[in-house]
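Each chain, written out:
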Amino acid sequence: MNVEKIIQIAKKRGFIFPSSEIYGGISGTYDFGPIGFLLKKKIIEYWREFFLKDDNIFEIETSLIMPEKVFEASGHLKGFVDPITQCKKCKALYRADHLIEESLHIFTEGLSIEELTKIIKENNIKCPKCGGELEEVKVFNLMFELGIGPLKDSKGYLRPETAQGIFVNFKNVFNSLRAKLPFGIAQIGKSFRNEIAPRQWLIRMREFTQMEIEFFINPEEKKFEKLKKYENVKIRVLTREAQKNNGKEEEMSIKEALEKNIIPSEYMAYFIAKEQIFYENLGIPKEAIRFRHLLPEETPHYSKGNVDMEIKFDFGWKEVVGNAYRSDYDLKKHSEFSGEKLIVTLDNGKQVIPHVIEPSFGIERTIYAILLYSFVEDEKRGWDWFNFAPKIAPISVAVFPLLNKEEMIKKAEEIFENLKMEFDSIFDKSGSIGKRYARADEIGIPFCITVDYQSLEDNTVTVRNRNTTQQLRVSLKDLKEFLREKANSLSIQ
Ligand code: GAP
């Protein structure tokens, strides 16, 4: 897996650029170019279609700036912290837990700052840059603080997750929809975390995009009918025991994971099964997807269970989707701090605080995984290409005149004009046809349409399949219908 090469191509071909690059940039921030933007947009559209449409889940868009009180209530002000340590000599800053994990290969989750300091001292861990001694471990809050208004006298923060915008709007949304449990509220948008050491390209960023669902349920209702359809979906699970014993993932059905209490609720099981299918459909191999049951020390006290969906990257496994059964914690806290009653009256008149199941997806990590697993280093072809599922391919169709001849160019332009409002298309007449195929492959265009001599005679074109490179002759009158079906499918065959 050649990530450096992918990063280079991503920049060269308009997927992803370092942000504010001409001024040296800010680490942990990236911009999406025209091709990357389309890829991201299509992943989002597919996510909406797959997770929201059928499930009584409503999307909202809330402010990125939120007042301090929200985060007092949510616990972020106190708890959204990382342990840091600074070199006494060169002043370099480190995340203490990461530094220990990298130096000693031990698990540090759940350790206090005193314990981390002790480990650093006892094991004589020094500054990796200059060998200097390290300061005591302190906590650092990851939220970006804002002074709101001209006097900056009102304190706020850039949201560190989209979820809080959902919780603070619970009452508004519930009343406006006249909703009934179970129902969900989703949000797609930017979140901000002042990561101490942004790294690994799109993995640890300071500004990133989340797609989150808060699915509100009746706490007394344990059964979810819709799970039936998915209970036999197979997933690979990293159990708590396996984590303690350096063991491996086990394959089991969703039903088994529920029975073994790895997944704490049928509602969460439903989302987990769909996550498995969604990521496989995006081109991530089965063996590169696993669900990790978080250890007790990693699980927040209010949670009835957390299960992370992890993907195997070039550098190792990493969380891409967090699943949490947050119980009634968030609504209770916001109720307490705001004085608003955040409750639901059931059909039988009983009032309850809904429980919430939260699947939280990171888009940039998803994109990293897709780029990694769809990248094909193709010596035979002589160029590398992306094997995107047509449904998420940034550009669906390229239109070429075979030769630089006026009639062919004119006809190809006409076809392009006709297609471009319906399909993301490009027109390319420069260079040899081989070079144009190469450029199209490099951004993963699944279908290349070529106008040749025969096209001028019988109104047919060739359609080249990116994966097989085989060409099919299609009549112009059938072309749109042909593309409609193919461009929206998950597989190119
Ligand atoms: N509301 C729950 C929540 O925010 P999280 O596990 O902190 O949970 C959810 O984040 C997802 O957001 C992660 O699985 C990951 O995909 C993405 N994410 C979190 N921090 C990130 C960062 N610094 N850079 C890129 N993506 C990040």
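Predicted model only: the values in this text are computed from it and were never measured. (Residues numbered from 1 in each chain as written. Predicted model: local features only at pLDDT ≥ 70, side-chain atom pairs only at ≥ 80, totals over all residues. Heavy atoms only, no water.)

**Concerning the packing of helix α2 (residues 34-52) against helix α11 (residues 266-281)**
At their nearest, the axes of α2 and α11 sit 11 Å apart, and the two run at 145° to each other. As for how α2 packs across α11, the hand of that crossing is right-handed. Contacts between α2 and α11 involve Ile43, Tyr46, Trp47, Phe50 and Phe51 from the former and Phe271, Lys274, Glu275, Ile277, Phe278 and Asn281 from the latter. In the contact of α2 with α11, the residues fall into eight nonpolar, one polar and two charged. (Axes fitted to C-alpha atoms, helices over the stretch in contact; angles between N-to-C directions. Helix = DSSP H or I, 4+ residues; strand = E, 2+ residues; numbered from the N terminus. Left-handed = near helix turned anticlockwise from the far one by under 90°. Contact = heavy atoms within 4.5 Å. Nonpolar A, V, L, I, M, F, W, Y, C, P; charged D, E, K, R; others polar.)

**Notes on the pattern of salt bridges**
Charged atoms that come close allow side chains of opposite charge to pair. Counted by the stated rule, this structure contains 47 salt bridges. A salt bridge links Glu207 to Lys190; the shortest N-O distance between them is 2.7 Å. Here Glu207 is found in strand β11 (residues 207-217), whereas its partner Lys190 is found in strand β10 (residues 183-192), with 17 residues between them in sequence. For Glu207, a relative accessible area of 28% gives the class partly exposed. Lys190 sits in the partly exposed class, given a relative accessible area of 28%. Note that Asp478 and Lys477 form a salt bridge whose closest N and O atoms lie 3.9 Å from each other. Relative accessible area serves as the criterion here: at 39%, Asp478 is assigned to the partly exposed category. Each of Arg236, Glu249, Arg290, Arg292, Glu298 and Glu310 takes part in a single network of salt bridges with overlapping partners. (Salt bridge = Lys/Arg side-chain N within 4 Å of Asp/Glu carboxyl O. Buried < 20%, exposed > 50% of the residue type's maximum accessible area, 1.4 Å probe, protein only.)

**A closer look at the site of the ligand**
With respect to spatial proximity, 19 residues lie near the ligand, and among them Glu161, Arg193, Met205, Glu212 and Glu319 are the closest. Note that a nitrogen atom of the ligand is positioned 3.0 Å from one of the side-chain N or O atoms of Glu195. Going through the elements one at a time, β11, β16 (316-327) and β19 (355-362) are the ones with two or more residues in the shell around the ligand. The element best represented in the shell around the ligand is β16, accounting for four residues. When grouped by side-chain class, the residues that make up the shell around the ligand number seven nonpolar, four polar and eight charged. (Near = heavy atom within 4 Å. Polar contact = N/O pair within 3.5 Å; in protein donor to acceptor, adjacent residues only side chain to side chain.)

**Points about the sheet that holds strand β4 (residues 65-67)**
Pairing is antiparallel across the open sheet formed by three strands, whose spatial order is β4-β9-β8. In the strand order of this sheet, the two ends are held by β4 and β8 (145-148), each with one partner. Here the average twist between neighbouring strands, direction ignored, is 45°. With three bridges joining them, β4 and strand β9 (residues 154-158) adopt antiparallel strand pairing. Within the sheet, the bridge partner assigned to Met66 lies in β9 and is Tyr157. (Pairing = 2+ DSSP bridges.)

**Description of the side chain of Asn323**
Residue placement: Asn323 occurs in strand β16. Using a relative accessible area of 1% as the deciding quantity, one classes Asn323 as buried. Setting aside residues up to four positions removed in sequence, Asn323 forms contacts with Met268, Ile272, Glu275, Phe291, Gly305, Asn306, Val307, Asp308, Met309, Glu358 and Pro359.

**Describing the side chain of Thr29**
Residue placement: Thr29 occurs in the loop between β1 (16-18) and β2 (30-32). Take Thr29: its relative accessible area is 11%, and that puts it in the buried class. Here the side chain of Thr29 touches Ile26 through a polar contact of 2.7 Å, landing on its backbone oxygen. Aside from chain neighbours lying at most four places away, what touches Thr29 is Pro18, Ser19 and Glu207.

Note that every value here comes from positions in space, so none of it alone points to a role or purpose.
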